[in-house]
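Chain by chain, the residues:
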Amino acid sequence: MATTITCDVAIIGAGLAGGLIALALRARHPGLTIRLVDAGAVVGGHHRWSFFGSDIAPDDLWLVKPLVTQSWPDHAVRFPGHARTIPEPYYSIESERLDTVVRAALPADALMLGRYVAAVSATTVELADGDRIEATGVIDARGPGDLTTLDLGWQKFVGQELRLSAPHQAPVPAIMDATVAQIDGYRFVYCLPLGATRMFVEDTYYSDTPDLDREVLADRIHAYVAARGWQVEQTASEEQGVLPVAMGGDFEAYWRSTGPVAKAGMRAGLFHPTTGYSLPDAVRTASTIAARRDFGGNALHDATHAAAKATWNDRGFYRMLDTMLFKAADPAERYRVLERFYRLSPRLIGRFYAGQSTMTDKARVLIGKPPVPFLRAVRALAGVQA
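Structure report, in brief. (Residues numbered from 1 in each chain as written. Predicted model: local features only at pLDDT ≥ 70, side-chain atom pairs only at ≥ 80, totals over all residues. Heavy atoms only, no water.)

### Topic: the overall build of the chain
The condition is simple: Think of it this way: any DSSP run of H or I at least four residues long counts as a helix, any run of E at least two long counts as a strand, and we number them from the N terminus. Just to be clear, the radius of gyration here is over C-alpha atoms, and the globule rule we use is 2.2 Å times residues to the power 0.38. Three exposure classes are used, based on accessible area relative to the maximum for each residue type with a 1.4 Å probe and protein chains only: buried under 20%, partly exposed in between, and exposed over 50%. Should any heavy atoms of two residues lie within 4.5 Å, those residues are counted as being in contact. All tallies of charge rest on Lys and Arg as positive and Asp and Glu as negative; His and the ends of each chain are not included. Working definition for charges: the position is that of NZ of Lys, CZ of Arg, CG of Asp or CD of Glu.
For the chain, the count of helices and strands is 12 helices and 17 strands. Its C-alpha atoms give the chain a radius of gyration of 21 Å, near enough to 21 Å, the size a compact globule of 386 residues would have. For the C-alpha atoms alone, the extent of the chain along its principal axes is close to 65 × 55 × 40 Å. The proportion of buried residues among the 386 residues of the chain is 53%. Partitioning the intrachain contacts of the chain with sequence separation of at least 6 by distance along the chain shows that 75% fall at a separation of at least 24. Here the chain contributes 40 positive and 42 negative side-chain charges, whose respective centroids are spaced 6 Å apart.

Here you go:
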């Protein structure tokens, strides 16, 4: 028999954004009844999220500190004409840790995993099995909305956690190794040393299409690892993904595509236009929601819509740079844009990744000899949508 479940806040989607909101609400409002709903069997799925120290505001560190599984004091980048180590901390979160922390923080009845959602409104969730959740407010933190409303390039990747037969001798992450062959756009390999004989290696592309051939990318990972002299004993895990890189589009149409309900994460369009990453925005959103006192569905919708729209409007600069990268630079030459960028100051780079570039930062990125043909850049930018 179908049942009706009541709560204060229902969060749909137990990924990074939904998990962080649940943790923040539980910490700031322990008296609230929460339901965290997902079709999956675990919180966070099977992912790894990494971030720079400057991505998170000091007041929000309490939320992410319990989730961090690895940290390094600095990180490196490598390009054909430039390499450097940047003295900025770098951190990584494994989805298993998010699952563990959320399960420890929430009452058992707050987690509704393995439950499929049929319909959502600002105050109700209809489950596929006939059960119904009635909430003061609902937050939809599932995957992206209708991406056809946006003008996009793509960041696509396959990553593998490898167990090695001997220590790799790589002390810090290489977040971009672009010394590899440039194939299908801007290509780089991302390496995280998780332990003396554990290495996470990801083959990544800034591509014009979202098409991803898992077998081809896995073979390229194996070739890269062999060239580094690392002997693989076991592939412990693998993940893959295709992230949007926004050049423009209709934000309001994107928001409407998933209905008049409060949203967070990719559902809200809260991802960095250039990197596609959503962790810094997810932390800020969770902190902002937890600071509220009104959790009514309409109020939550209006607040999350206003915040997401303001963020979209503030990030036109990044969408302009993406347009230059995808439409003005030849695919095999796109690495030159990033190579030039990584000659700039570490603090500027950090603010860029956090989506908080200053006017001075923006001017510094643009001045000097452009890494793309000037007239082609002008023609590309002439078609930019705000």
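### Digging into the pattern of salt bridges
The condition that has to hold: Any Lys or Arg side-chain nitrogen located within 4 Å of an Asp or Glu carboxyl oxygen qualifies as a salt bridge.
Considering all chains together, one arrives at 24 salt bridges under this definition. Measuring nitrogen to oxygen at the nearest pair gives 2.9 Å for the salt bridge that ties Asp-140 to Arg-142. According to the relative accessible area criterion, Asp-140 is buried, its value standing at 1%. Close ionic contact of Arg-214 with Glu-238 constitutes a salt bridge, the shortest N to O distance being 2.7 Å. Separated by 24 residues along the polypeptide, Arg-214 in helix H4 (residues 214–227) and Glu-238 in strand S16 (residues 232–249) bring together distant segments of the chain. When its relative accessible area of 27% is taken as the criterion, Arg-214 is described as partly exposed.

### Points about the layout of surface pockets
Rules: Only protein atoms enter the 1 Å grid used here. Points where a 1.4 Å probe fits but cannot escape make up a cavity, open sets with protein on both sides within 12 Å along at least five of seven lines make up a pocket, and a residue lines them when an atom lies within 4 Å of a point. Grid points are joined across faces, edges and corners, and a volume is the space filled by probe spheres set on the points. Under the grouping applied here, Gly and all other residues not named as nonpolar or charged are polar, the nonpolar ones being Ala, Val, Leu, Ile, Met, Phe, Trp, Tyr, Cys and Pro and the charged ones Asp, Glu, Lys and Arg.
When its volume is computed, the largest pocket comes out at roughly 1000 Å³. In terms of lining, the largest pocket is formed by 47 residues, of which the most central are His-47, Arg-48, Trp-49, Leu-243 and Ser-278. Within the residue set of the lining of the largest pocket, elements represented by two or more residues are helix H1 (16–28), strand S3 (48–52), strand S12 (150–164), strand S13 (174–177), strand S14 (186–195), strand S15 (198–207), S16 and helix H6 (279–290). Among the residues forming the lining of the largest pocket, the class breakdown is 26 nonpolar, 15 polar and six charged.

### Some words on the environment of Ala-119
Among the structural elements, Ala-119 can be located in strand S9 (residues 117–120). Owing to a relative accessible area of 36%, Ala-119 belongs among the partly exposed residues under this scheme. Between the alpha carbons of Ala-119 and Arg-132 there is a distance of 9.7 Å; along the sequence they are 13 residues apart. Discounting residues that sit within four places of it in the chain, Ala-119 has contacts with Thr-124, Val-125 and Glu-126.

### Digging into the packing of aromatic side chains
Selection rule: Whether two aromatic rings pair depends on their centres lying within 6.5 Å, for rings of Phe, Tyr and Trp, where Trp uses its six-membered ring; planes under 30 degrees apart make the pair stacked, over 60 edge-to-face, and the rest tilted. As a reminder, the over-ring test applies to NZ of lysine and CZ of arginine, requiring each to be within 6 Å of the ring centre and within 35 degrees of the ring normal.
Under the criterion given, the structure shown has 17 aromatic pairs. Aromatic side chains Phe-317 and Tyr-318 sit 5.6 Å apart centroid to centroid with 70° between the ring planes, which places their arrangement in the edge-to-face category. Judged by its relative accessible area of 9%, Phe-317 is buried. When the ring centre of Trp-62 is taken as origin, the NZ or CZ atom of Arg-28, which lies over that ring, is 4.1 Å away. Sitting over the ring of Trp-312, Arg-319 keeps its end group 4.0 Å from the ring centre.

### Details of the nonpolar core
How we decide: Side-chain atoms within 4.5 Å are what join buried Ala, Val, Leu, Ile, Met, Phe, Trp, Tyr and Cys residues into a set we call a nonpolar core.
In terms of nonpolar packing, the biggest core is built from 41 residues, with Ile-11, Leu-25 and Leu-36 touching the most fellow members. Only strand S1 (4–12), H1, strand S2 (34–38), S3, helix H2 (61–64), helix H3 (95–105) and H6 provide two or more residues apiece to this core. At eight residues, H1 tops the list of elements feeding residues into this core. Not counting chain neighbours up to four residues away, the residues in contact with Ile-11 comprise Gly-18, Ile-21, Ala-22, Leu-25, Ile-34, Arg-35, Leu-36, Val-37, Ile-139 and Ala-141. Judged by nonpolar contacts, the second largest core, of 34 residues, contains Met-247, Phe-341, Leu-344 and Ile-349.

### Examining the sheet that holds S15
Rules: Only strands that DSSP links by at least two bridges are regarded as paired with each other. Note on geometry: axes are C-alpha line fits, over the in-contact stretch for helices, and angles between N-to-C directions span 0 to 180 degrees.
One open sheet holds the seven strands; their spatial order is S6-S5-S13-S14-S15-S12-S16, and the pairing between them is mixed. The sheet is open, and its two edges are formed by strand S6 (82–86) and S16, each paired on a single side. Averaged over all adjacent pairs, the angle separating strand axes in this sheet is 15°, with direction ignored. Direction of pairing for strand S5 (residues 75–79) relative to S13: parallel, over a ladder of three bridges. The residue of S13 that forms the bridge with Arg-78 is Asp-177.

### A few points about the packing of H1 against H3
When two helices pack together, their arrangement is given by the angle between their axes and by how far apart the axes lie. In plain terms, the rule: Handedness of a crossing is defined here by the sense of rotation of the near helix relative to the far one, left-handed for an anticlockwise turn of less than a right angle and right-handed for a clockwise turn.
Direction vectors running N to C along H1 and H3 enclose 35°, while the axes themselves pass 10 Å from each other. For H1 against H3, the interelement crossing comes out left-handed. Two secondary-structure elements touch here, H1 through Leu-16, Gly-19, Leu-23 and Arg-26 and H3 through Leu-98, Val-101, Val-102 and Ala-105. Of the residues assigned to the contact of H1 with H3, the class counts are six nonpolar, one polar and one charged.

### Notes on the side chain of Ser-357
Test applied: Two N or O atoms form a polar contact when they lie within 3.5 Å of each other; inside protein one atom must be a possible hydrogen donor and the other a possible acceptor, and for residues adjacent in sequence the pair counts only when both atoms belong to side chains.
Within the element layout of this structure, Ser-357 appears in the loop between helix H10 (346–353) and helix H11 (359–366). On the basis of relative accessible area, Ser-357 is assigned to the buried category, the value being 14%. At a separation of 2.7 Å, a polar atom in the side chain of Ser-357 contacts the side chain of Tyr-318. Contact partners of Ser-357, with chain neighbours within four places excluded, come to Tyr-318, Arg-351, Phe-352 and Lys-362.

### A short note on the pairing of S6
Across five bridges, the pairing between S5 and S6 is antiparallel. What sits directly across from Phe-79, in S6, is His-82. Between S5 and the antiparallel strand that follows it, S6, lie two residues.

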